[in-house]
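Coordinates in review
Chain residues, written in single-letter form:
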Amino acid sequence: MNFIFSQTMRFISILVLTSLLSLGGCSRSKPIPEFHETVFTMGTLVEVTIVGADEKTAEQAYTAILDDFNYMHNTWHPWQYNALKRINNLLQTGAKFSLAPSILPLITRSQVLSKQSQGLFNPAIGKLVKLWGFHQDNLDDIIAPPEDEDIQAFLNDLPQMSDIHFNNLTMYGTNKNIQLDFGAFAKGVAVDTTIEHLKEFGIKNAIINAGGDLRAIGNHNGRPWRIGIRNPRAEGVFAAVDIFGDESVFTSGDYERYFESDGKRYHHIIDPRTGYPADKSRSVTVIHSNAATADAAATALFIAGPEKWVEIAKAMGIQYVMLIASNGDVHMNPAMAKRIEFTVKQPTIKLSKPLK
Ligand code: AMP
Ligand code: MG
């Protein structure tokens, strides 16, 4: 399955649930204005829905956030020649260089999140992601996993976010393998940035859905936003959850980007401890107020798997998690279980202790 296709399917599954609700809104006497636009940016389909704002405001706000997305796409894309590429080249040399304001917040925030996740979320492993070939948009021409000796050579000098240091207005790296890849985090930051920008336009009810990962504010015609969580092993929705107010829902899954070789699936979420795709989870969904944290946490908890997710979720300050394990069992904390409604046959549920 190719990337764009799979992202499109996620996008559609979310759309179905929200449009059912908008039918409910039709019975009101005065229709509440709804603005919908979809754009392909940051490697995914982004759907913007704005409810209850006049058309002109919605359009102005949409144009403004398109600029935001384009800027972030161009600045943070890990493999194009841009600010991030320059930093990546310089970090590996060990030389001091001037701080890059466009990337600095990503680095400092992900240093904290990476530490909290015990290095499972590690945006410094871009070289390993590239070794696997997941830096390419199209995975069709990958025929085999990398050589194990290349993976082990990388792991012998595994870079960490803490290998990036700051000194007054300069920064430098202390590991020759550092290559920043914010693929597990940048989408969350972009969703936060654009939601905050919509709020500056006075918009109270909106949803920014970036390929199934989203942040919502307000409500949908007085009702919660109803969000579908994709089934990791079949078309369609696995479960639904209601969002009311300001919350983000992010999912990391092994079905999103992968290639097959000798009948085995190799997906894009790499366990920095082994150098291989993490094999304990099918998908992890995190609900959190902040999209960037939710994005980093979904990736980290996917790698943590059934045995370790509770410990990492607590350290990252996460309060709602659903982890579908590789054997199909569904692990949740009690607060998440209260919110989740399964749309498939009831799976085996493993409830954790409360996260707080
Ligand atoms: P996500 O879909 O948010 O879980 O992000 C997956 C993407 O993050 C991959 O396509 C890689 O670019 C990158 N990535 C893979 N493994 C890791 C990791 N352990 N920590 C941080 N980023 C990663
Ligand atoms: Mg992520």
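Residues numbered from 1 in each chain as written. Chains lettered and ligands numbered in written order. Predicted model: local features only at pLDDT ≥ 70, side-chain atom pairs only at ≥ 80, totals over all residues. Heavy atoms only, no water.

**Looking at the sheet that holds strand β16 (residues 341–342)**
A sheet is described by the order of its strands in space; here 3 strands give the open sequence β8-β9-β16, paired in antiparallel fashion. Every interior strand has two partners, whereas the edge strands, β8 (225–230) and β16, have only one. For β8 and strand β9 (residues 237–243), the ladder comprises 6 bridges, and the chain directions are antiparallel. Its bridge partner being in β9, arginine 230 is matched across the sheet by valine 237. (Pairing = 2+ DSSP bridges. Helix = DSSP H or I, 4+ residues; strand = E, 2+ residues; numbered from the N terminus.)

**With respect to the packing of aromatic side chains**
Within the structure shown, the criterion is met by 9 aromatic pairs. With a centroid separation of 6.5 Å and an interplanar angle of 40 degrees, the aromatic rings of tryptophan 132 and phenylalanine 259 are classed as tilted. One end of the pair, tryptophan 132, is in helix α5 (residues 126–132); the other, phenylalanine 259, is in strand β11 (residues 258–261), and 127 residues separate them in sequence. Given a relative accessible area of 3%, phenylalanine 259 falls into the buried group. A network of ring pairs unites the aromatic residues Trp132, Phe134, Phe259, Tyr266 and Tyr276 as a single cluster. Its guanidinium or amino end placed over the ring of tyrosine 258, arginine 265 lies 4.2 Å from that ring's centre, counting from NZ or CZ. (Phe/Tyr/Trp six-rings, centres within 6.5 Å; stacked < 30°, edge-to-face > 60°. Buried < 20%, exposed > 50% of the residue type's maximum accessible area, 1.4 Å probe, protein only. Lys NZ or Arg CZ within 6 Å of the ring centre and 35° of its normal.)

**Quick word on the site of ligand 1**
Of all residues adjacent to ligand 1, which total 18 residues, the nearest are Asn122, Asp181, Ser252, Ile270 and Thr299. Measuring from an oxygen atom of ligand 1, one finds a side-chain N or O atom of serine 252 at 2.6 Å. Measuring from an oxygen atom of ligand 1, one finds a side-chain N or O atom of histidine 268 at 3.0 Å. Protein contact buries 93% of the 500 Å² of open area that ligand 1 shows by itself. Looking at the shell around ligand 1, the element that brings in the most residues is helix α8 (residues 291–316), giving 3 residues. A class-by-class count of the residues in the shell around ligand 1 yields 10 nonpolar, 5 polar and 3 charged. (Near = heavy atom within 4 Å. Polar contact = N/O pair within 3.5 Å; in protein donor to acceptor, adjacent residues only side chain to side chain. Areas by Shrake-Rupley, 256 points an atom, 1.4 Å probe, with all protein chains shown as cover. Nonpolar A, V, L, I, M, F, W, Y, C, P; charged D, E, K, R; others polar.)

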